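# Tertiary structure, described
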Amino acid sequence: MRFSSLCLLTFGVIVSKGDVTYPRPSELNATKPNILIGGLLPLDITFSRRLMTAAQIAIDEINKRNNVLKDYNLVLHMKNTSARHAPMGGPEAERLSTIKTLEYLDGNPMVHMVFGGLFIATTEKSAYLTSLMNIMQVAATTSSLALSDKKRYPYFIELILDGTRLNDLVAHFVMENEWHKVMIISDLGFDDLAKHLEDTLIRSNVTVSNLYIVEDVDDPTEILTAIKESGVHIIVFQVYPIMYYKLSCEAYMQNMIAPGYVWIDNRHHSQSVKDYFELYSDVNCTLGEILTSVEGMFATSSLSYLEQFPDTITIGGKSVKTLSEIGGIKGDAARLYGYDAMWSVALAMNNSIKRIAPYTLEEFTYKHKNYTDIFLEEMKNLSFTGATGPVGFSEEGSRLGKLVLRQVRNGTHVTVGIFDGTTQILDLLKSPEYMWEPFGNTTPSSEPRLEYTYLRVSRVLFGIYVTISVVGIVICLIDLILMLIYRSHGGIVHDWPIIRVIVCFGCIVLNIAVILMGVDDSDSSSSVYQGACQTASWMFVFGYTLALGGMLVNSIATYHFYTKENVTKSVQQELKYCAILVPCLVLDIILLILWQVVDPLTIKTEFLQKEYDESQDTIFQIAIAVCDCQKMNAWRIVLIVYKAIMLLVATFITWPAWLAANGKGYVTVHYLGICVYVTVLAALIGVPVKLTLGPNPSAHYGVAGGFILLCTISTGIAILCTILFAMRNQNPSGTSSSISPINGLLKDISESKKTTK
């Protein structure tokens, strides 16, 4: 056919790396003036050559028509913007595109409009320059958020749908499948659209875990490794073909493919995965591995009439399918944008002829801004059926139309849905069973299923400690009852009973604190857990002061009684000694209130190590609910130092009290002294051990609760024993060493000192 021969002839000229003019002068009507359309495409690329082929078909049709530019010849003058070492773009390609654009601006040759370019970076440069010179530029397949800025690019028209509309489709698809987390990978040329997509998803309550910007020279290995480690399974990417194959290969290498991962190729053009494989796949994967990697992948693009409605008759009188066959375009509908671009240019100028009268199109110069303004208005008013579907533009100059959602099945992109950007409705053409078949017939989740394993206090240990605590409380209550019943007994009256009551009460409070320390969110609500935690902290502080403070006061009172004159065991005297505890309790209250106001305890969840089970697609996360505050360690240090001072004083006063009461005092001072040293031993062992324990609630509870119960139970039993011994023997000096071993020890020490002297 004539068109086929023209294409072959044109391609022969392109190989020479020079500019191309179509049609040749010999093929034009010499009686008509020429209307030149300038072109900026990297003709070393197959896609560009076929894009120009479609434009040539449209020019032939237009020049034969009597109702479109009937008094003119439409001529395309194409400048090759392929950089010698960077045909796919880059700084060298941008520089060359700028030079070629400046040639047009210098009148070499002078053109009415410009067609092109192909890459965003080069197109932004040329579109800015053409706008400065009042020249309209029509791009076939280039779209970006930056190019939508009509203040900077007032005369730029996009034939392809605005990329933001594709973002709407992606956001709609993500929300419809209830995916809450996604990753975005974008080529540097699409960074503005990627950020727009990120904002769109965030407004839809979708978390964008990260946005990676790449270039074709980059190795995506680290990016995919980071995504895999993050656990996010939904990945949206918008890249050029080179990076497309790099990502596909690396996804295969790291097994980040269906059914574990969902890839959405935003802005995809080619229907066949292997279409560009030999040209752009500089990767270490075979075509079979690439096909395995992309099976099930989704893609967004403009609605392809070549695929959906191939028999549609275009404005030139031929069907979409026929046009693709004539131009050797095969199945790639994106190359047909060249056809619609030329018809849009021709119709816009044709509809402007009456408006610029009495002037004519051949009188156009770059100084005539009014020409270009009219061209722009008429372009926005166009409505015709092109090879890519109905052609029309919004008031902002963006292409109107529908979008398609495709899925790769057996190496080919199959349409699974059509999206109407105006109504925001996605009409699915394929059943869910079809779409999710590569994913095990189940809609994938946006991230692995997360299962928490909470570390809590062992219920068996808690039950044991509750039982022991209750026993300790009962013992202390028995002590209090016996002291109340036999309050007139000599052994009770003359052995600091009020102090013993305080010690017993402190032990009861500590036992209750142990019970509350074992409460967690497994058997209570969070509010109850928090209340138990706060109450346990307060009760421990007060209980410690009462129990240990009572034993300290007992030692001080005993020492004074046997070393100072005029000290009697009266209620008034005993109350004076008990007053020593008042400042300690006041300090407790001040510290606890300050703690509560400044840095209150709250229930927080701490996440520990996690393991990913790939077979179950599940992350097993170990967590622990803790009662904590922002400066917990600081408060602990303050309280430990304060209580340690009290313990230290009790330690050093107990021995002198023993010596002073040797052979004179009741056994209470002996047994409570032993309890002081038991407490010292528990603190010296328990505190360091607890600080070195890992995040195991049972271990912490076992150590802390165990040592507290050891001290309180031993104290309760000691008081009970002293009461029973005092009731049996009211003679202090007559207490045998078997009942009061301290007496025997002190006696041996005294005799040893006498012998030495």
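Sequence positions are assigned chain by chain, starting from 1 and proceeding in written order. For a predicted model such as this one, the threshold for reporting local features is a pLDDT of at least 70, and the threshold for listing and counting side-chain atom pairs is 80 or more; totals across whole chains, interfaces and linings nevertheless cover every residue. Values reported for side chains reflect all heavy atoms of the structure, with hydrogen atoms and water molecules removed beforehand.

The line we're drawing: UniProt positions are given in the numbering used here, feature names are shortened, and annotations may be inferred rather than shown by experiment.
Going by an unreviewed UniProt entry, the protein chain carries the name G-protein coupled receptors family 3 profile domain-containing protein and comes from Owenia fusiformis. Word for word, the UniProt comment on the protein chain under Subcellular location (unreviewed entry) is "Membrane".

### What about the sheet that holds strand 16 (residues 425–428)?
Worth spelling out the cut-off: The pairing criterion is simple: DSSP has to find at least two bridges between the two strands. Per the convention used, a helix needs a DSSP run of H or I reaching at least four residues, while a strand needs a run of E reaching at least two, with both numbered from the N terminus. Orientation is described by axes fitted as lines to C-alpha atoms, over the contacting stretch for helices, and by angles from 0 to 180 degrees between their N-to-C directions. For this analysis, residues touch if any pair of their heavy atoms sits within 4.5 Å.
The strand order across the open sheet formed by eight strands is 8-7-9-10-11-14-15-16, and the pairing between neighbours is mixed. If you trace the sheet from one side to the other, it starts and ends with strand 8 (207–214) and strand 16, each paired once. Looking at each pair of strands side by side, their axes are set apart by 25 degrees on average, direction ignored. Pairing of strand 15 (residues 412–420) with strand 16, which is carried by four bridges, proceeds in the antiparallel orientation. Each residue of the ladder has a partner; that of phenylalanine 419, found in strand 16, is leucine 426. Across the sheet, helix 6 (residues 191–203) touches strand 7 (181–187), strand 8 and strand 9 (234–238), and the angle it forms with strand 7 is around 165 degrees.

### A closer look at the environment of glycine 90
For glycine 90, the location among the structural elements is in the loop between strand 3 (73–80) and helix 3 (91–105). Along the sequence, glycine 90 and alanine 121 sit 31 residues apart, while their C-alpha atoms lie 8.0 Å from each other.

### Describing the packing of helix 8 (residues 241–253) against helix 10 (residues 287–294)
The criterion, for reference: Orientation labels follow simple angle bins: below 35 degrees gives roughly parallel, above 145 gives roughly antiparallel, 65 to 115 gives roughly perpendicular, and whatever is left gives oblique. For this classification, Asp, Glu, Lys and Arg are treated as charged, while Ala, Val, Leu, Ile, Met, Phe, Trp, Tyr, Cys and Pro are nonpolar and the rest, including Gly, are polar.
As a packed pair, helix 8 and helix 10 sit with axes 8 Å apart at the nearest point and diverge in direction by 80 degrees. The pairing of helix 8 with helix 10 is recorded here as roughly perpendicular in orientation. Contacts between helix 8 and helix 10 involve Tyr244, Tyr245, Ser248, Cys249, Ala251 and Tyr252 on the former and, on the latter, Glu289, Ile290, Thr292, Ser293 and Val294. Partitioning the contact of helix 8 with helix 10 into residue classes produces seven nonpolar, three polar and one charged.

### Some thoughts on the sheet that holds strand 3
Strands sit in the order 1-3-2-4-5-6 across an open sheet of six strands; the sheet is mixed. For this open sheet the edge positions go to strand 1 (20–22) and strand 6 (156–158), each flanked by a neighbour on one side alone. If you compare each strand with its neighbour and ignore which way they point, the axes differ by 25 degrees on average. The pairing of strand 2 (residues 34–41) with strand 4 (residues 113–116) spans four bridges and is parallel. By the bridge assignment for strand 4, glycine 39 is matched with phenylalanine 115. Against the sheet, helix 3 makes contact with strand 2 and strand 3, and its axis sits at roughly 145 degrees relative to strand 3, the strand it touches most. Taken strand by strand, helix 4 (residues 120–132) contacts strand 2, strand 4, strand 5 (136–139) and strand 6, and its axis lies near 155 degrees from that of strand 5.

### Here's the deal with the pairing of strand 2
To keep things clear, this is the line we draw: Any residue under 20% of the maximum accessible area for its type is buried, any over 50% is exposed, and the rest in between are partly exposed; the area is computed with a 1.4 Å probe on protein chains only. With strands facing away from the observer, any crossover in which the path from the first strand over the helix to the second runs clockwise is taken as right-handed.
Within strand 2, seven of the eight residues are buried, leaving the element largely enclosed by the surrounding structure. As paired strands, strand 2 and strand 3 are joined by eight bridges and run parallel to one another. Each bridged residue has a counterpart across the sheet, and for asparagine 34 the counterpart in strand 3 is asparagine 73. In this fold, strand 2 hands off to helix 2 (residues 46–64), which returns the chain to strand 3; that crossover is right-handed.

### Quick notes on the UniProt feature "transmembrane region" (unreviewed entry) in the protein chain
UniProt records the feature "transmembrane region" (unreviewed entry) for residues 462–486, 498–519, 539–562, 574–598, 640–661, 668–689 and 701–727 in the present numbering. End C-alpha to end C-alpha, residues 462–486 measures 36 Å, and it is 96% helix and 0% strand. Secondary structure content for residues 539–562 is 100% helix and 0% strand, while the C-alpha to C-alpha distance between its ends is 34 Å.

### Let's talk about the packing of aromatic side chains
Quick note on the threshold: Ring geometry is summarised as follows: Phe, Tyr and Trp rings, the Trp one being its six-membered ring, pair when their centres sit within 6.5 Å, and such pairs are stacked at plane angles under 30 degrees, edge-to-face over 60 and tilted between the two. Here, a charge over a ring means that NZ of Lys or CZ of Arg falls within 6 Å of the ring centre while also lying within 35 degrees of the ring normal.
In total, this model carries 21 aromatic pairs according to the counting rule given. A centroid spacing of 6.3 Å and a plane angle of 45 degrees characterise the contact between phenylalanine 462 and tyrosine 701, whose relative ring orientation is tilted. Taken as a pair, phenylalanine 462 in helix 17 (residues 459–485) and tyrosine 701 in helix 25 (residues 697–728) lie far apart in primary sequence, 239 residues in all. Each member of the pair, phenylalanine 462 as well as tyrosine 701, carries the same accessibility label: buried. Chaining the aromatic ring pairs together yields one cluster made of Phe173, Trp179, Phe298, Trp436 and Phe439. Lying over the aromatic face of tyrosine 434, arginine 409 brings its terminal NZ or CZ to 4.3 Å of the ring centre.

### Details of the environment of aspartate 71
By the element assignment, aspartate 71 lies in the loop between helix 2 and strand 3. By relative accessible area, which is 48% here, aspartate 71 ends up partly exposed. Residues aspartate 71 and isoleucine 35, spaced 36 residues apart in sequence, show a C-alpha to C-alpha distance of 10.0 Å. Ignoring anything within four residues of it in the chain, the contact list for aspartate 71 reads Lys32 and Pro33.

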